[in-house]
Amino acid sequence: MAAETTKVLLVEDDPSAATRTTRWLRDGPRGRYELAVARDLGSALARLREESFDAILLALPIPDAPGLEGLARIQNEDPKVPVIVVVEPDDFGSAETAVERGAADCLRSDERRSPALARSLRYAVERRRTAERLEFLTRCDPLTGLTNRPYFQERLRESLARTSRAERTLALFYVEIDDFKRINSTLGHAAGDAVLAEIGGRLRRELRPYDVLARIGGDEFGIVAEDVSEARDAARLAQRLCEVLQEPLSSNRAGARLTASVGIAIFPFDGNDAATLLRNAELAMYRAKRAGGAQPAFFAPVLGERIHEQLALEGELRRALAAGELVLHYQPLIDLQTGRLNGLEALVRWQHPTRGLLPPAAFLPLAEKTGLIVDVGEWILWTACTQRRAWQRDGIVPGRVAVNLSPRQLHGDRFVPTVASILERTGLPGALLEMEVAEDLLVPDDIGRRALTGLRKLGIRLSIDDFGTGYSSLAYLQSLPVDAVKIDQRFVAGLDGDHGSRVIVRAVISLAHELGLAVVGEGVETPKQLEFLREHGCDTAQGFLLCPPLPADEVPSWAPPEVPADPEHGPRRPAEV
Ligand code: C2E
Ligand code: MG
Ligand code: MG
């Protein structure tokens, strides 16, 4: 300890006295000191905010703090730093009060350059170190260096209070090593201890610095993670913890595989106080063990199952994308005036190895939620453009290929450049590409609007999908750079019976035309619906009646069915369809 340097901040307004004390301490044989001098309280506090000191020497009086105010303000700034107050030789009152108020010691000014100062400093610093060590020992598990169980409970209570005030959620994890007894009995307790210490370090590395990690039992660890807003994030973290614990440990020389079970309880759903949450996380951990161990389990089992399924699906989808299991089908769009094919809508499917052909509703919402949609969307765009380009080269398919966009794609900052690059690399003219954005997903913000304008500049045609499901008025759509609206299937389906749908469809067609937008009727399933659309001037139709979505290789040989032309109600064509 003698070799350690003691950092002292000297608060002294008399420069020559400060210099003398500094020299006396620094150049004398009484230990190693590093000194900083502050001339008044203000600069002392500023200094304390920047760095920490082992002790403070406060020579009274100081100009900007009368009496013992300086002591109080320093303690306020750094409650742990020992302060030695130096007073005039006859100022016994201050000396006594200073010690009462928590000064580490009090010296007379004539003791400033005497062995008494060196002694006082040494005691103050040692006392502080001992206090810190004691505090550490009462809070810490000596084997792993992690927080111990009592202090963990205290931290959990603090976290709960904070989380509850902020109306947030918190996840509590209860980790227990599976069959740890075996390690102790086969390798001995010393080896068991080393394994536990290594596990502690491994868990710590997976967590954020502010997550609380503790050893709360022999082979049990507790983790408090604040701000885990979604159960799936908790599940993902727990999964990761299970995985890292399975990797070989250097302290486990026998090389036996170690696994752990993790129980998860979420505040406020699984308990409102520390004790309940801890108990429920432990119960969840037992459930994980009963299920075979080496896995996480939620206290709320339904939630657990759902999330487990989702996580599995997410992993699978990532793999599917790489393995080429996603496919595009193409659904023809028919020009209602000429009866000819005038475009194809690309619709994604997942050719799942065991579950068969999955529709987009089975996996796109998840891709959207996890952000995977950006990669999936890029793949879709690339594939549709490549396919359309190949058909163009062979001269077999007329019209545009339409691709559906997810709002998340549109809001990505690299979206327009990515599209431009795909067009360039596939050699497809922008004019042969169309993009569909669902109406209820079109939020009127600048980023989305800029992206739409950027796409338009590439020659891409834009249409609003599922029109009628959101709340936008046609007048609002007119303010967006779009070319067409696709009337939602629900209204088209309603054409067979309900009067309301007929009124709406008629109104949408005529208003859209007034605004210079083309109209597509989606989901046409009956001749009656087709007839109504054609009669009322709808430009294009799409639906099972005409053709279901086809695999790419069936498109070239597909021929449109006969759609009777109706010269009397010739559709208006404000924009090229
Ligand atoms: P959407 O863009 O409105 O696509 C039309 C949906 O209606 C397709 O369903 C199509 O198969 C179905 N459909 C076509 N004709 C009929 C019909 O006559 N009757 C009925 N009942 N349905 C018909 P699908 O392929 O299941 O796609 C559903 C939705 O998933 C799409 O709605 C679109 O919003 C989204 N989606 C599909 N593919 C993609 C894609 O590649 N990217 C993105 N972001 N979304 C996609
Ligand atoms: Mg669509
Ligand atoms: Mg649609």
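Residues numbered from 1 in each chain as written. Chains lettered and ligands numbered in written order. Predicted model: local features only at pLDDT ≥ 70, side-chain atom pairs only at ≥ 80, totals over all residues. Heavy atoms only, no water.

Description of the pairing of strand E9 (residues 260-267)
Item 1. A large share of E9 lies buried, amounting to eight of its eight residues.
Item 2. Judged by which residues are buried, E9 turns out to be covered on both faces: Ala260, Val262, Ile264 and Ile266 on one side and Ser261, Gly263, Ala265 and Phe267 on the other are all buried.
Item 3. Note: strand E6 (residues 170-177) against E9, eight bridges, orientation antiparallel. Bridge pairing links Glu176 to Ser261 in E9.
Item 4. Taken together, the three bridges between E9 and strand E10 (residues 296-298) define a ladder with parallel strand orientation. Along E10, the bridge assignment pairs Ile264 with Phe298.
Item 5. Crossover connection from E9 via helix H10 (residues 274-290) to parallel E10: handedness left-handed. (Buried < 20%, exposed > 50% of the residue type's maximum accessible area, 1.4 Å probe, protein only. Helix = DSSP H or I, 4+ residues; strand = E, 2+ residues; numbered from the N terminus. Pairing = 2+ DSSP bridges. Right-handed = clockwise from strand over helix to strand, strands pointing away.)

Some remarks on the packing of aromatic side chains
Item 1. Throughout the structure, instances matching the rule amount to two aromatic pairs.
Item 2. Ring geometry for Trp350 and Phe363: centres 5.7 Å apart, planes at 85 degrees, overall edge-to-face. Residue Trp350 is located in strand E12 (residues 341-352), and its partner Phe363 is located in the loop between strand E13 (356-358) and helix H12 (364-370); the two are separated by 13 residues in the primary sequence.
Item 3. Overall, the relative accessible area of 1% leaves Phe363 in the buried class.
Item 4. For the cation-ring pair, Lys7 lies above Phe53, with the distance from its terminal atom to the ring centre recorded as 5.0 Å. (Phe/Tyr/Trp six-rings, centres within 6.5 Å; stacked < 30°, edge-to-face > 60°. Lys NZ or Arg CZ within 6 Å of the ring centre and 35° of its normal.)

Description of the sheet that holds E10
Item 1. Taken in spatial order, the five strands make up an open sheet running E7-E8-E6-E9-E10, and their pairing is mixed. Every interior strand has two partners, whereas the edge strands, strand E7 (212-215) and E10, have only one. Direction aside, neighbouring strands of the sheet carry axes that sit 20 degrees apart on average.
Item 2. Contacts from helix H9 (residues 231-246) reach E6, strand E8 (220-226), E9 and E10, with the element oriented near 160 degrees to E9.
Item 3. Packed onto the sheet, H10 meets E6, E9 and E10 and runs at close to 145 degrees relative to E9. (Axes fitted to C-alpha atoms, helices over the stretch in contact; angles between N-to-C directions. Contact = heavy atoms within 4.5 Å.)

Re the site of ligand 1
Item 1. Lining the immediate environment of ligand 1, one finds 22 residues, of which Arg349, Asp465, Gln489, Glu525 and Phe544 sit closest.
Item 2. Separating an oxygen atom of ligand 1 from a side-chain N or O atom of Arg349 is a distance of 2.8 Å.
Item 3. Glu525 places a side-chain nitrogen or oxygen 2.5 Å from a nitrogen atom of ligand 1.
Item 4. Where the shell around ligand 1 is concerned, the elements lending two or more residues are E12, strand E14 (400-405) and strand E16 (461-467).
Item 5. The element best represented in the shell around ligand 1 is E12, accounting for four residues.
Item 6. The residue inventory of the shell around ligand 1, partitioned by class, reads nine nonpolar, six polar and seven charged. (Near = heavy atom within 4 Å. Polar contact = N/O pair within 3.5 Å; in protein donor to acceptor, adjacent residues only side chain to side chain. Nonpolar A, V, L, I, M, F, W, Y, C, P; charged D, E, K, R; others polar.)

Re the domain arrangement of the chain
Item 1. As far as domains go, the chain holds domain 1 (5-138), domain 2 (149-299) and domain 3 (314-557).
Item 2. On a C-alpha basis, the centres of domain 1 and domain 2 stand 44 Å from each other. (Domains from an automatic or database assignment.)

Some details on the nonpolar core
Item 1. Core analysis: the biggest nonpolar cluster contains 73 residues, and Tyr330, Leu433, Met435, Leu455, Val485 and Leu533 have the highest contact counts within it.
Item 2. Sequence-distant contacts of Leu433, defined by excluding residues within four places in its chain, comprise Leu381, Cys385, Arg400, Val401, Val403, Leu423, Leu428, Ile460 and Arg461.
Item 3. Leu207, Ala231, Ile266 and Leu311 belong to the second largest nonpolar core, which has 34 residues in total. (Core = buried A, V, L, I, M, F, W, Y, C linked by side-chain atoms within 4.5 Å.)

What to know about the coordination of the magnesium ion (ligand 2)
Each angle at a metal carrying four tetrahedral donors should ideally be 109.5 degrees, and each at a metal carrying six octahedral donors should ideally be 90 or 180 degrees.
Item 1. Distances from the magnesium ion (ligand 2) to its protein donors, Glu345 (OE), Asn404 (OD1), Glu436 (OE) and Asp465 (OD), fall at 2.0 to 2.2 Å.
Item 2. Positions of the donor residues of the magnesium ion (ligand 2), expressed as sequence spacing, correspond to E-x58-N-x31-E-x28-D.
Item 3. Separating the magnesium ion (ligand 2) and the magnesium ion (ligand 3) is a distance of 4.1 Å, and Asp465 donates to both of them. Highlighted residues: Glu345 in strand E12 and Asn404 in strand E14, separated in sequence by 59 residues.
Item 4. A residue is classified by how much of its surface remains accessible, and Glu345, at 3% relative accessible area, is buried.
Item 5. Accessibility expressed as a relative area gives 27% for Asn404, which makes it partly exposed. (Donors = N, O, S within 2.8 Å, 3.2 Å for Na, K, Ca; no water.)

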